[in-house]
Amino acid sequence: GGALAGLFIGNQADRRVGADRAIEITFVRMDGRESMIVQPDNGEAFVPGQEVRLITGGSSSRIAH
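About the thresholds
- Residues numbered from 1 in each chain as written.
- Predicted model: local features only at pLDDT ≥ 70, side-chain atom pairs only at ≥ 80, totals over all residues.
- Heavy atoms only, no water.
- Helix = DSSP H or I, 4+ residues; strand = E, 2+ residues; numbered from the N terminus.
- Areas by Shrake-Rupley, 256 points an atom, 1.4 Å probe, with all protein chains shown as cover.
- Contact = heavy atoms within 4.5 Å.
- Polar contact = N/O pair within 3.5 Å; in protein donor to acceptor, adjacent residues only side chain to side chain.
- Core = buried A, V, L, I, M, F, W, Y, C linked by side-chain atoms within 4.5 Å.
- Buried < 20%, exposed > 50% of the residue type's maximum accessible area, 1.4 Å probe, protein only.
- Salt bridge = Lys/Arg side-chain N within 4 Å of Asp/Glu carboxyl O.

Attention now moves to the overall build of the protein chain. Along the backbone of the protein chain there are zero helices and six strands. For the protein chain, the α and β elements follow one another from N to C terminus as β-β-β-β-β-β. Taken as a whole, the protein chain presents about 4200 Å² of accessible surface, with 50% of it coming from carbon and sulfur.

Moving on: the environment of Glu 44. One can find Glu 44 in the loop between strand E4 (34-40) and strand E5 (51-57). The sequence separation of Glu 44 and Ile 23 amounts to 21 residues, and the corresponding C-alpha distance is 9.9 Å. Apart from the residues within four sequence positions on either side, Glu 44 is in contact with Ile 63, Ala 64 and His 65. Polar contacts involving the side chain of Glu 44 include one to the main-chain amide nitrogen of His 65, which spans 3.3 Å.

Next up on the list: the nonpolar core. Listed in full, the eight residues of the largest apolar core are Ile 23, Ile 25, Phe 27, Ile 37, Phe 46, Val 52, Leu 54 and Ile 63. At the level of secondary structure, the elements contributing two or more residues to this core comprise strand E3 (20-29) and E5. Take this core: its biggest share by element is three residues, from E3.

All right, on to the pattern of salt bridges then. Overall, the coordinates contain one salt bridge when judged by the stated rule. Residue Arg 33 pairs with Asp 31 through a salt bridge whose shortest N-O separation is 2.9 Å. With a relative accessible area of 49%, Arg 33 lands in the partly exposed category. Classification of Asp 31 as exposed rests on a relative accessible area of 52%.

What follows is the structure, given as structure tokens:
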């Protein structure tokens with residue numbers, strides 16, 4: 001999948017999705033659009049204001065450093 005750099009602006013919140021822990025991330029894309037993604041919480045820490053990558057493949061997307 002492709003990668004798109006974005007600026008992480010939101011806070012993160014733990015949520016229960018079935019039996020798995022998930023994280024909700026709000027971010028601003030490089031084109032200025034605000035987006036939100038919910039992904040499994042793999043223990044990766046995100047800090048407001050840091051640059052992140054939006055990784056997409058098929059029908060799924062995730063945020064990474």
